[in-house]
Structure formats: structure tokens, C-alpha cells
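Structure at a glance
Here is how the chains run, residue by residue.
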Amino acid sequence: MTSGSNTGARRARSLLAGGGTAAGVGPTLWERVLVRMRRLPAEWWSVAVGVLIAVLGASVLPLPAGVAGVPVLRRVRRAREARQAREERGEAVIALCGALAGEVRAGRQPGEALLRAAHDPAGLGEAQAAVLAAARFGGDVPGALVEAACRPGADGLSGLAACWRVAVDRGAGLAAGLDRLEAALRAERDQRADLRAQLAGARSTAVLLAGLPVLGLLLGAALGARPLHVLLHTGAGLACLVVGGVLEAAGLWWAMRIVRGAEAV
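Residues numbered from 1 in each chain as written. Predicted model: local features only at pLDDT ≥ 70, side-chain atom pairs only at ≥ 80, totals over all residues. Heavy atoms only, no water.

1. Some thoughts on the overall build of the protein
Check the secondary structure of the protein and you find 12 helices and zero strands. Listed by position from the N terminus, the elements making up the protein come as α-α-α-α-α-α-α-α-α-α-α-α. Here the protein holds 265 residues, and 26% of them are scored as buried. The long-range fraction of contacts in the protein, counting pairs at least 24 apart against all pairs at least 6 apart in sequence, stands at 51%. Carbon and sulfur atoms form 65% of the exposed surface of the protein, whose accessible area is close to 17,100 Å². (Helix = DSSP H or I, 4+ residues; strand = E, 2+ residues; numbered from the N terminus. Buried < 20%, exposed > 50% of the residue type's maximum accessible area, 1.4 Å probe, protein only. Contact = heavy atoms within 4.5 Å. Areas by Shrake-Rupley, 256 points an atom, 1.4 Å probe, with all protein chains shown as cover.)

2. Section: unusual backbone geometry
A positive phi angle, close to 55°, is found at Ala58, a residue other than glycine. Within the element layout of this structure, Ala58 appears in the loop between helix H3 (45-57) and helix H4 (62-105). The exposed category is assigned to Ala58, whose relative accessible area is 59%. The phi dihedral of Arg226 is positive, around 55°, even though this residue is not glycine. Relative to the elements of secondary structure, Arg226 occurs in the loop between helix H10 (174-222) and helix H11 (227-233). Since its relative accessible area comes to 54%, Arg226 is described here as exposed.

3. Quick notes on the pattern of salt bridges
With the rule as written, the count across this model stands at 12 salt bridges. Here Arg77 and Glu81 are joined by a salt bridge, their closest N and O atoms 3.0 Å apart. You can see Arg77 and its partner Glu81 sitting in helix H4, four residues apart, about one turn around the helix. On the basis of relative accessible area, Glu81 is assigned to the partly exposed category, the value being 40%. Note that Glu87 and Arg196 form a salt bridge whose closest N and O atoms lie 3.2 Å from each other. One end of the pair, Glu87, is in helix H4; the other, Arg196, is in helix H10, and 109 residues separate them in sequence. By relative accessible area, which is 36% here, Glu87 ends up partly exposed. (Salt bridge = Lys/Arg side-chain N within 4 Å of Asp/Glu carboxyl O.)

4. Things to note about the packing of H4 against H10
At a minimum axis distance of 9 Å, the contact between H4 and H10 shows a crossing angle of 155°. Between H4 and H10, the angle falls in the class roughly antiparallel. For the element pair H4 and H10, the recorded crossing hand is left-handed. Here Glu87, Glu91, Val93, Ile94, Cys97, Gly98, Leu100, Ala101, Val104 and Arg105 of H4 come into contact with H10, specifically with Leu174, Ala175, Leu178, Asp179, Leu181, Glu182, Leu185, Arg186, Arg189 and Arg196. When the residues that make up the contact of H4 with H10 are grouped by side-chain class, the tally is 11 nonpolar, one polar and eight charged. (Axes fitted to C-alpha atoms, helices over the stretch in contact; angles between N-to-C directions. Parallel < 35°, antiparallel > 145°, perpendicular 65-115°, else oblique. Left-handed = near helix turned anticlockwise from the far one by under 90°. Nonpolar A, V, L, I, M, F, W, Y, C, P; charged D, E, K, R; others polar.)

5. Brief notes about the environment of Leu100
Mapping Leu100 onto the fold places it in helix H4. Along the chain, Leu100 and Arg116 lie 16 residues apart, while their C-alpha atoms are 8.0 Å from each other. Other than its neighbours up to four places away in sequence, Leu100 contacts Pro110, Ala113, Leu114, Ala117, Leu160, Trp164 and Leu178.

Spelled out as C-alpha cells, the structure:
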């Protein structure tokens, strides 16, 4: 009796420690499928939605539509990742200017100050080795900074290169120039953030309006009207689906283009 109790206790502890899976027992097929689905990029959910609509509507037409949505959503995801990387580079450049100004004020020479301040690779990126080598061995630091400034979001490094040239050629104070550059970059960043916050309402409205047809389909299905059958199995429904899809995509693209144009101003 005691042995059985100990065995049950050990099994309970193994279940709790293993997240609900007994010792020696692997995850189920459904759990493995869920883990792999979580690892998939977000755009592949377009195929899953296409399969779901195809099953509910008893038609193969949603399948190619779901497959066609993958490259579109991938482009959206990559654009969002590129925007995030650009913002991270901008933040790293601002931090580099502030750290470099602090090192110069501490009495270090510009080259040594740059070597101590450039600890974040996001600011200089692939050109970090060239910039640090130029600073260590007396090379062309402004040229290396201008090369690093060619990446999106790192254009503040061109201002840093200008401050470096002025400080070296004319003996001007590097710390004062870096302070002004940091303040200007911060003001520009805050202005972009404020503009993005103002445009968030317009973007949300466009996305909400684009989702209204889906809400209409759900309401029709709740009322027993079988909207998927009408759209996928009748000529008039197919015509409405094609025309509505084209107009929906064109309207969403135009609205997003207006928002992006306003952000780029």
C-alpha cells in the first residue's frame, strides 16, 4: 500500500514538473502540431484561414486565396520588422552620441572615447569594426561613420561625422557639438512618434472598415442565411465576392498609402 502511494506521488510530481506530461511519455500529436504552428511565420495563418473557410463553405476556392495571401502578409511583416530595426538603429545612434559626449567630458581623447562608447553594435552595425579600427589606429573616422550612416535609421551618424571633422580640423569642442546633435535627433524622433500616434486612429479606422464584411458574414451565418454557400456556389455570389474583394483590397491599399505618405513627410 505504501509502495503504491509512493508511486502515485512520484507520478503526480512528474506530471507537475513536466507540464502535465508523465515521465517517459512524449507529447501527443496534437501538442506537436501546436508547437510547430507557433513556430510558423504569421503569414502562413492565411493558408490556415483559407483551409477553414474551404471546409466551412464546402469549396476549394478559398484555398488559392489563402495561398495568395502569404506573400502579401510576408511583405507586411518584413516591412514592420524593417521599421522596427530602423527605429532601434536610431535609438542606438542617439545613445552613442550621449555616451561619446560623456566620455569626452571625462577628459578622454575622441578616439579613446569612441572606443569606450561604441559598445552597442546596433548603432554602427556592420561598419563597427571599421569605425573602431579607424579610431584605434588614427584612420579616417568620419569616412567610416559616413559609410555606417547609409543604413536606414542610422543617418544621425553623418551628423556625428561632421562634428568629428569640425572638432579635429578646427579644434572646436566635440562634446558641445554632440550635445546639440543628440538634442536634434531626440526632437526628430519625438516628432515622428507624435505623428505616428496621430495617424494611429486613421490606420485603425481603415483596418476596422476592412473587417466589416467579415462581421457581416458572421451575422448572416448566425441568422441562418448561409452566406458562404451563396458566395461560393452561386454565380451572383461569386461575382459579388470578386468585385467586393478587389474593391476591399484597393481601398485598404489606398488608405495605407495615404498614411505612409503622411508619415514620410
